[in-house]
Amino acid sequence: MFFNKSDIGKHRFFKINKLESLKPFIDNYKSPFYLYSKKVIEHQYELFRKNIPGNFNVFYAQKSNPNKEILKFIHGLGAGCDTASLMEMKNAMDAGFDNLHLMLTGPGKTEEELKFAISEKILSINVESFQELELINTIAKQTDIKQDILVRINPPFDSSEKNRIIGGSGISKFGIDLDQIPEFIELAQSMSNVNLNGIHIFNSSQILDHNKILQNTKDVINTAIHFNEHNDLKVKRIDLGGGFGIPYSEDESEMDINSLGEGLNEFFKEEKIRKFSEKVEMYFELGRYLSGLCGIYLTKVLYTKISRGKNIAVTDGGVHHLVRPALIGQNHPIVNLTALLEERTSKGNYLIAGPLCTSLDEFDDNAELPETKPGDILAILNAGAYGFTESMPDFLSHKKAYEEFIN
Ligand SMILES: Cc1ncc(COP(=O)(O)O)c(C=O)c1O
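Residues numbered from 1 in each chain as written. Predicted model: local features only at pLDDT ≥ 70, side-chain atom pairs only at ≥ 80, totals over all residues.

### A short note on the site of the ligand
Taken together, the neighbourhood of the ligand is formed by 17 residues, with Ala61, Ser205, Gly242, Gly287 and Arg288 sitting nearest. Looking at the shell around the ligand, the elements with two or more residues in it are β10 (281-286) and α12 (288-291). Among the residues making up the shell around the ligand, the classes are represented as 6 nonpolar, 7 polar and 4 charged. (Near = placed C-beta within 6 Å. Helix = DSSP H or I, 4+ residues; strand = E, 2+ residues; numbered from the N terminus. Nonpolar A, V, L, I, M, F, W, Y, C, P; charged D, E, K, R; others polar.)

### As for helix α5 (residues 86-94)
Listing the buried residues of α5 in full gives Glu88, Met89 and Ala92. Viewed end-on, α5 has its buried residues packed into an arc of 100°, placing them on one side of the element. Residues of α5 that are exposed and point more than 90 degrees away from the buried face comprise Met87 and Asp94. Trailing α5 by a residue or two, Gly96 shows a phi angle of about 110°, which is positive. (Buried ≥ 20, exposed ≤ 12 C-beta atoms within 10 Å, placed from the backbone. Arc of directions from axis to C-beta.)

### Details of the packing of helix α6 (residues 111-119) against helix α7 (residues 130-142)
Between α6 and α7, the shortest axis-to-axis distance is 10 Å and the interhelical angle comes to 50°. Comparing the axis directions of α6 and α7 gives the class oblique. The handedness of the crossing between α6 and α7 is right-handed. Along its contact with α6, which presents Glu111, Leu114, Lys115 and Ile118, the element α7 presents Leu135, Ile136, Ile139 and Ala140. Across the contact of α6 with α7, the residue classes tally to 6 nonpolar, no polar and 2 charged. (Axes fitted to C-alpha atoms, helices over the stretch in contact; angles between N-to-C directions. Parallel < 35°, antiparallel > 145°, perpendicular 65-115°, else oblique. Left-handed = near helix turned anticlockwise from the far one by under 90°. Contact = placed C-beta atoms within 7 Å.)

### Side note on the domain arrangement of the protein chain
Taken domain by domain, the protein chain comprises domain 1 (8-36 + 293-405) and domain 2 (98-286). The gap between the C-alpha centroids of domain 1 and domain 2 is 36 Å. In this complex, domain 1 contributes 8 residues to the contact, which on the side of domain 2 involves 5 residues. Here the residues of the side of domain 1 that touches domain 2 sort into 3 nonpolar, 5 polar and no charged. (Domains from an automatic or database assignment.)

Below, the structure written as structure tokens:
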């Protein structure tokens, strides 16, 4: 994705934060860091609220970025929080989220995590195996609590991920296969200390086609209706997970959230769907959509050279701070902030590589940039989600990245 000074504002981060406002961060640059903009998160939240019907609640998927200031900010916007570990639950509580606005989901919850969730009376534990169900019931019995749960289902449908992130349908560690759900419902309903009151289905992330999200949402709601009609599942909640994507490359464009909202409104006009959904709380657990565009990772070019005719720029930051390009195989847009501010006109294609002793340590093998020189500060965009904490900071014992806010 090539940006010049006149079109950098097409990117949400720079639409909200003018290029010039980054100058102090560039002038004072010491080592690689993440720079976040809360205003971008707010914009994304408002986009969702403006377009998606009000019967969908927003929970923030903390795993996408658990920065404490970000958590507090998102809590202030009115969202709940999706958590996946003991620390995530504690972080959410510290940030101000009410326990009744917390859910716990994940295929490998420990006894310690379940005990904590149950004793703190969080809104829902989303159960991913029969053995987990037994354990929850046993723990809840010891404390005389009836714990609200959802069953996470592994259905035969998905929204077709481009790069493998959650994994789609098929063999999966996430959830319980659809054909085992009648047995699960029967077992849960026979237990004294769990309240099974709905379903959770999420198996595809980074989806940009609103039609796929729409179809998936319909399929999930119809699945809940099916179990309501055939297995007497009293559905009070439906959790649809995350999955709303953001564009990373030139051939991707923003997910059309307006059309998604229209499609959902249309769907809820059907008499059967309207009647059913009136009594049901629905949840999207947005991660990337809220936090992805809010963050950029800044790194300095240390050296440039040419290898077999290819321009190389070696940076002081690498995949130890931002592993996503190597892990998922998806490049992020890169801009040369120094060159844009200086309005350099000549361009080149560069392999952008970090300092680590592995060839995996590349951000892009063919980034189109203005002429790039040692000392230039590059920004790797869309680094707000699955960036800072989805990294491997101890590899090669370099300085750790740090986090800053522009607003
Ligand atoms: C249970 C659950 N909910 C929500 C999310 C957020 O997904 P996304 O970032 O695609 O919105 C994830 C991501 O892994 C997840 O595991």
